[in-house]
Each structure stands twice: as C-alpha cells, then as structure tokens.
Amino acid sequence: SKTENIALGCGTIGFDRDIFSGNPSLQHLIDTYQPSLTTEEQSYITNQVTTLCTLLNDHDVVTNKDFSKEAWDYMRDEKFFGMKIPKEWGGLGFSTEAVSQVLAKLATQCFDANATVAVPNSLGPGELLVRYGTDEQKEYFLPRLANGTLIPCFGLTGPHSGSDATSLIGSDCVVSKHPVTGELGVVASFKKRYITLAPVAGVVGLGLNLSDPEGLLGGSGDEGFTVALLERGHEGLRMGPRHIPLNAAFMNGTVEGEDVWIPMSSILGGQERCGFGWNMFVECLAEGRGVSLPAGSIGAARSVVAGVGAYSRVRKQFRVPIAEFGGIQEAMAKAGSDGLITIAGGDVMNAIVDNHEAPMVISSVMKQNCTERGRRIVECGMDIAAGSAICRGDKNYMGNAYMSLPIAITVEGANIMTRSFQIIGQGLTRCHPHMSDLLKALQLPPSEEKHGVKIFVKQFHKIVGHGITNFFGSLSRGVGATFSSATRSKTAYKNGDELLAYHEKQLLRLAANFALTADLCFTLGGRLKFEELLMGRLADALGAIYLGYATLHHYDRRRGIEGLEALTEHAMLRLEREAQEALYAASENFPGPLGPVASTVMKMGCFPLGGLTRPYSDPSDTLTKEVSRLLTTPSEIRDMFQEGIYSAPDGAVHQMTDLINALPICVEADKVATSLRREKREPTAEETNLIAKADALRDALIQVDVFEHATAEEAQPGYVRPALQGTEERFANLDKTVFREAA
C-alpha cells in the first residue's frame, strides 16, 4: 500500500541491518556511537532539573492531579519544553542524550513530570516545525514554544485509530475555498483522544486525512495524511476535557471539532506539504518511541536499585536484613540486570539519534522491550518493598511509577502490536540486505517490466545465497558456541577481556541463527503479516540480540567500575537465554504450508545437535547472590545507578534520599553486631552509638504514611463513616451496648 511504501522509505537503517545480515560488529558499535554530554547539558541536569524535582511532591501531584503554578512556571522559564528546539529559535538545542537523562532523572522523582516534559521534546510539534515548517511558522511558533508561552500537543489517536493511529479514521478534511474570502484551505472534522497535554496546550499538531475531490491543490501537495497547526481558541476547536490515565496526574484529554475551517497557512509546511504527514510523523517518531519512553524505564531502574536496594538492607525480618533472603536476592538481581540492559540500550539509542539517524526498527525494539523491562523492574521493587510500596503518601517512591508504566507500555503503539507485528514486519522489508530492492522491482511500472524482472531475479538469487550462507554460518557458530559454553569456567567473567570476547561470540552465533530464521520467513510470502506469533518470537530474539550488544558496548565504555563484570555477566546470560528460547519456540511452531520444511532447516542450522546446541541457561545462584550483594551494599555499581537520580538537599525529608544515606550506617552497624556475636563481647561506646543510630534510622524508614482523612469529605466537621453510622444505628436498638454491661 501507499502507507506501507512510505513507512519503508522513512527513517534510516544501520546496526539493525547488521543484525539481519547475521554479522553485526561490536567494535563498529563501539567506534561509531559514544553518548556524551556537553558541560552546559550536565550543568542543566545538575541544577535546573534538580530544582524542578525539589518543587515536585509526587504524592501531592497525583492527589491534586496537577502541578503547582510555581512548577509550571519554572518548566516554562527554564525551557524544559524547548530542549530540542535549536538555540537560534530560543531553545536549548540539547542532544538526545541530554534529553534522555533529563527525563530519566525526572522519573526518579515524579513520573508525571517525565511525561509532561517528554511530549514537547519528541512529537512536539516543535521538532516537526524545525524540520518541515514554513519560515513564517518557524518565526511565530518556535520562539513561543521554546520559552513556554505555548505548550504543545500532538493530536493523532482517535476512537477508531489506536495503535493504527495513521489510519486516521474519523479525522477527515476536504480541500475547499472559504465561502467569503475565497482563500484556499480545508474543512476538517475530527475526534481525538488520549492526547497528552491537550487540556493545557496552546497549540496542537493535528493529524488529518486530506482529500481533494475538486482538484483544488493544483499539483502542489497531495491527498493523504496531513498535519495542521491550530492554536487554542481557533474557531470550532475544542480542547480541555481530561482523561485520567490510571492514577496519573499528567494532562491528557480530547481534541475535537466539526467542520472547522483551516487555512493553508496553518498546514504544517504549507500547501506543498499536504499529504506529507506520514513521512513527518514516522521520521520524528524514533525519538518519542526509542528515547522518551525508555527514559522512564531508566529512571525506574535507577530508583529501584538505589531505593529498594537500600531498603532491603534497612528492613529486617526475623532480625535479619531481608537482603539476605534468597527470594529477595533473586528479585533484586533481576531488577539490577534488567536495569543495566535498559540503561545500556538507551545509551546506544541516544547516540544513534545524535548521529543523525532515525532507526525505525531499533526505536520500536527500544520502546517495546525497555518499557516491558521497566514494568518488570518496578514489579520486582514492589515485591521487595511490599507493604511500604502499596501505602500511598510522601514515603512511597514506588507506587506511582508502578501505576504509570502500563501507560508507557500502551502509548505510541501498544507493545502487543509493536512486538507481534511492527518490529519484524518492518525489519524484514527494511533491514534485510536484499528485500528492499526486490520489493522495488515488483513496483516498477509496466514500461519497465523487463528491467524489473532482471532486478527481481538478481535479488531473489541474493536472498537464496544469503540464506545458504547464514545456514552454514549458523551451524558452525552454533557448534563453536556450544563448545565454548561447555568449557567455560563459572568465574571466567571476572576477566573483562574474556567477558567481552565470550559474549560477543555468543551474540554472533545468535545473530546468525536470527538471520537464517528471517530468511526462512520468506517461505510464508504475504502470509507473514498474519503470523503474529512467529513475528513476536522473532521480535523477542532481535530485541535480546540488540540489547546484548548494547550491554557489551556499555561495559566497554564503563569498565573499571568494581562489580560491573558480575552484573554484565548476569544480564548477558539472561539475554542469551531469551534469544535462544525465542528462536527455539519459533522452530517448534514455524507456520505455513512449508512450515515443516522451514522448521527442519531452522533446527538443523540453529540447533544441529538438539539440546546440546541450546547451551544457554539462567545465571547461577552464586552469581545471583553476588549481584544482589553488590546492589544492596555500598558499591561502585550502586554509585553507577545513583548517578542519575534526584537527591534531596540536606535537611529535607525525602524517603529515597534518606534510605540511600542510611545504607552505609546500617551495613556498618550489622557488621559490628555480627562481630560482637562472634567475639562474644560487649560493644564499645562508639559501637553502641552506631547500633543505636542504625536502629533509629531503621525504625523511621520502615514507617508508612497514615492519614486522618483519606478524602475531603472525611475532613468535614461531624463526618461519620457510613459503616460506623450503621454500627450506631444497630446499637441504638439494643439494651446493652458494651461487653461489660452484658457480662
């Protein structure tokens, strides 16, 4: 279709194509992508972002379902909504890495602030204006967006256009002339929902399906997906009603209008950009999907390791810190390694975008995989923190994140759709080394049929050759990887060079397995787009392979941090098992008329010795315990996770900051107590003070918030809870109202 052709032509390909080829290079990844911050960006994160976090009380924000005016004004004055707008238009001109770190830090204090700042810096429509706006549109809108005069939103999703938002069902506009002035424009009717910032936005970028039945465009512009810019107050435009996504407070609502007149000057890019909206949307989507949403998961990972890791040492059960319990260690290690994976994936993705690339497939992998890992991380944190994580109030730094991550999983393409359709559907046609040229040959006009046939035959032969190469490469690498896994010491990971070499070899094997499976998908022909179970499994494998390379890329950049080898090993073992199991499930369930043949070929190439060539297993208990210990005691690994979190100023009461500060005291006190028991002696005065201080901190930090009144109604004078009213009514009919009278 036209839409599919545009999608295939948008964005860029790079490392994702290397994976589909079966020969990705870790060294190329390391040499090409190096995330970094300027001095100005680091200062902004240290100062302005910290100040904003100080202005935000997460519990109050969620309770009031809004920020204070002071917080709104600060975000505007300090250009939080204009980080990606170039300095020439009054913005900050920040890198993608900087925006990601800002969003992640905000998420450690208030997820609603993360969401509020994310939208203007991804789909804006500020970025669309920078790339595609007319000079007049840029001169008017960009300075006002940069300084916060106009808060932007983007209206795409409708009641009948969810993850398939670009279908634009119910968002139609027709080219016409104004009945009075004769000015060329469009008449639009639309009903949008789930639009973040719509209730407070001053301008909306509106996705519309444009038609020109009378041919008034005259060759300038085209029919199809078109973006209009409408300011609040535009005649016929209705913005203001709110949705309330779960318990979140960020502004989200509807944008509606019937028969709204829109002049051509309000079409983003002017008349010549009519019908060009899909290109605009797809090329800018990489940042929203691949950067902004994963940043929330990065913030969650840092919060869980920093806060819950400390809590697990502060909190005792049976006179033992719960960090010593095996179940806690398992959950903590999983949260830590998933956190490392998410941070590493984000670093590479940010560097790719800052390298002026727009990788549609990798951005989809990041969105789906990292938001899902973010949910798992927070679930682990909730399980560990238990009662303290479910009681709302200022002391709860987990609950609102727990309720917010399902929103990230849903928005900008629901994860189910992204995983089971988009990643592989687009990946095969866009990233396979030969498929794109083959498709283009099929679409040549009849006048070029002979030329098209030659190209098709040539590319078809290349695809077959590619498959044969991948078969033998997959087979040989599989046997080699199995041998290296079987002969590897459990402690080999402690040598950083051996860690990198071993896991790169395993990823090369898995990439060859994946590339062979991708080639076998062509046996399905057009039926592939309906085989979503297969595509979902291949998306899992692709995601694990990409994130595996990102994790090794992260290790190479940050090596020297004590304990990073153990955490990287834990993460890599889990990723390799994920990819292996996804590919094995695909081989067991390969669909289509040729499914049995494809399944046999896949098993021969990927798992030639059966179970022996499926060597990857979960991390050992010994490694899990070691990773948990590193994350729950003062360590350089904990310091790494704490780099990007909000820490409250001295003297402020802030649960996560207080837990972090209490950790070394509690750990040291536990060491003293153990020593006293072992040596069977009384404590010194200094030891007594230390233990008493730790006990006092423990007692304070395990408390949860208690409220005299849960609602405004309960706070009214004379209010009696309905259940107690009923109790009083029943006792009124009894002779004896207390047990002592009855006795």
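All of these numbers come straight from a predicted model, not from anything done at the bench. (Residues numbered from 1 in each chain as written. Predicted model: local features only at pLDDT ≥ 70, side-chain atom pairs only at ≥ 80, totals over all residues. Heavy atoms only, no water.)

J.: Sorry if this is basic, but what is going on with the overall build of the protein here?
T.: Each helix and strand in the protein was counted, giving 28 helices and nine strands. In terms of overall dimensions, the protein is globule-like: its C-alpha atoms have a radius of gyration of 29 Å, near the 27 Å expected for 743 residues. Put simply, the protein has 743 residues, and 55% of those count as buried. Considering only intrachain contacts with a sequence separation of at least 6, the fraction spanning at least 24 residues in the protein is 77%. As displayed, the protein offers around 31,500 Å² of accessible surface, 54% of which is attributable to carbon and sulfur atoms. Each charge class in the protein was averaged separately, 70 positive and 88 negative side chains, and the resulting centres sit 6 Å apart. (Helix = DSSP H or I, 4+ residues; strand = E, 2+ residues; numbered from the N terminus. Rg over C-alpha atoms; globule rule 2.2 N^0.38 Å. Buried < 20%, exposed > 50% of the residue type's maximum accessible area, 1.4 Å probe, protein only. Contact = heavy atoms within 4.5 Å. Areas by Shrake-Rupley, 256 points an atom, 1.4 Å probe, with all protein chains shown as cover. Lys, Arg positive; Asp, Glu negative; His and termini not counted. Charge placed at Lys NZ, Arg CZ, Asp CG, Glu CD.)

J.: Please explain the packing of aromatic side chains as it appears in this structure.
T.: The description of two aromatic rings rests on the distance between their centres and on the angle between their planes. Applying the stated rule across the entire model yields twelve aromatic pairs. Between Phe 67 and Trp 72 the ring centres are 5.4 Å apart and the planes differ by 70°, which places this aromatic pair in the edge-to-face class. Here the two residues Phe 67 and Trp 72 agree in accessibility, since each one is buried. An aromatic cluster of three or more residues is present, and its members are Tyr 44, Tyr 74, Phe 80 and Phe 94. The residue whose ring lies beneath Arg 488 is Tyr 502, and the NZ or CZ to ring-centre distance is 4.0 Å. The ring of Tyr 584 is capped by Arg 614, whose NZ or CZ atom sits 3.8 Å from the centre of that ring. (Phe/Tyr/Trp six-rings, centres within 6.5 Å; stacked < 30°, edge-to-face > 60°. Lys NZ or Arg CZ within 6 Å of the ring centre and 35° of its normal.)

J.: Even after reading the chapter, I still don't get the packing of helix H16 (residues 415-431) against helix H20 (residues 532-558), so can you show me in this structure?
T.: Between H16 and H20, the shortest axis-to-axis distance is 7 Å and the interhelical angle comes to 75°. The angle between H16 and H20 falls in the class roughly perpendicular. Residues Arg 419, Ser 420, Phe 421, Ile 423, Ile 424 and Gly 425 of H16 form the contact with H20, whose own contacting residues are Glu 532, Met 535, Gly 536, Arg 537, Leu 538, Ala 539, Asp 540 and Leu 542. The residue inventory of the contact of H16 with H20, partitioned by class, reads seven nonpolar, three polar and four charged. (Axes fitted to C-alpha atoms, helices over the stretch in contact; angles between N-to-C directions. Parallel < 35°, antiparallel > 145°, perpendicular 65-115°, else oblique. Nonpolar A, V, L, I, M, F, W, Y, C, P; charged D, E, K, R; others polar.)

J.: Sorry, what's going on with the state of the cysteines here?
T.: Put plainly, two cysteines are in a disulfide when a covalent bond ties their sulfur atoms together. What the rule picks out here adds up to zero disulfides. Not part of a disulfide, Cys 53 finds its nearest cysteine sulfur in Cys 110, a span of 8.4 Å. (Disulfide = S-S within 2.5 Å.)

J.: Teacher, can you tell me more about the nonpolar core here?
T.: In globular proteins that are soluble, nonpolar side chains generally tend to be buried together. Judged by nonpolar contacts, the single largest core of 122 residues is most densely connected at Ile 424, Phe 514, Leu 542 and Tyr 546. The contacts of Leu 542, once residues within four sequence positions are left out, are Ile 19, Phe 20, Val 361, Val 365, Ile 423, Ile 424 and Phe 514. One finds Tyr 74, Leu 206, Leu 210 and Ala 228 within the second-largest nonpolar core, a separate group that totals 59 residues. (Core = buried A, V, L, I, M, F, W, Y, C linked by side-chain atoms within 4.5 Å.)

J.: What exactly am I supposed to notice about the pairing of strand E3 (residues 184-196) here?
T.: Each regular strand displays side chains that alternate between the two surfaces of the sheet. Relative to E3, strand E2 (residues 172-177) is paired through six bridges, and the arrangement is antiparallel. Note on E3: the bridge partner recorded for Cys 173 is Ala 188. Connecting the antiparallel pair E2 and E3 is a turn made up of six residues, with Gly 182 showing a positive phi of about 80°. Strand direction decides the pairing type here: E3 and strand E7 (residues 252-263), joined by nine bridges, are antiparallel. From the neighbouring strand, Ile 195 faces E7, where its bridge partner is Gly 253. (Pairing = 2+ DSSP bridges.)

J.: Explain the environment of Gly 215 here, please?
T.: As for its position among the elements, Gly 215 is in the loop between strand E4 (203-211) and strand E5 (224-231). Here the alpha-carbon distance between Gly 215 and Val 175, two residues 40 residues apart in the chain, equals 8.3 Å.

J.: Hey, could you run me through the pairing of E2 in this one?
T.: As paired elements, E2 and E4 share three bridges and run parallel to each other. Among the inter-strand pairings, Cys 173 is bridged to a residue of E4, identified as Leu 210.

J.: What is the right way to look at unusual backbone geometry in this model?
T.: Glycine aside, negative phi is the norm for most residues, and most peptide bonds take the trans geometry. Even without being a glycine, Leu 246 presents a positive backbone phi close to 50°. With respect to the element layout, Leu 246 can be found in the loop between strand E6 (238-242) and E7. In the Ramachandran plot, Lys 680 falls in the positive-phi region, its phi being about 50° despite a non-glycine side chain. Within the fold, Lys 680 resides in the loop between helix H25 (655-679) and helix H26 (685-701). On the basis of relative accessible area, Lys 680 is assigned to the exposed category, the value being 76%.

The analysis is restricted to geometry; functional conclusions fall outside its scope.
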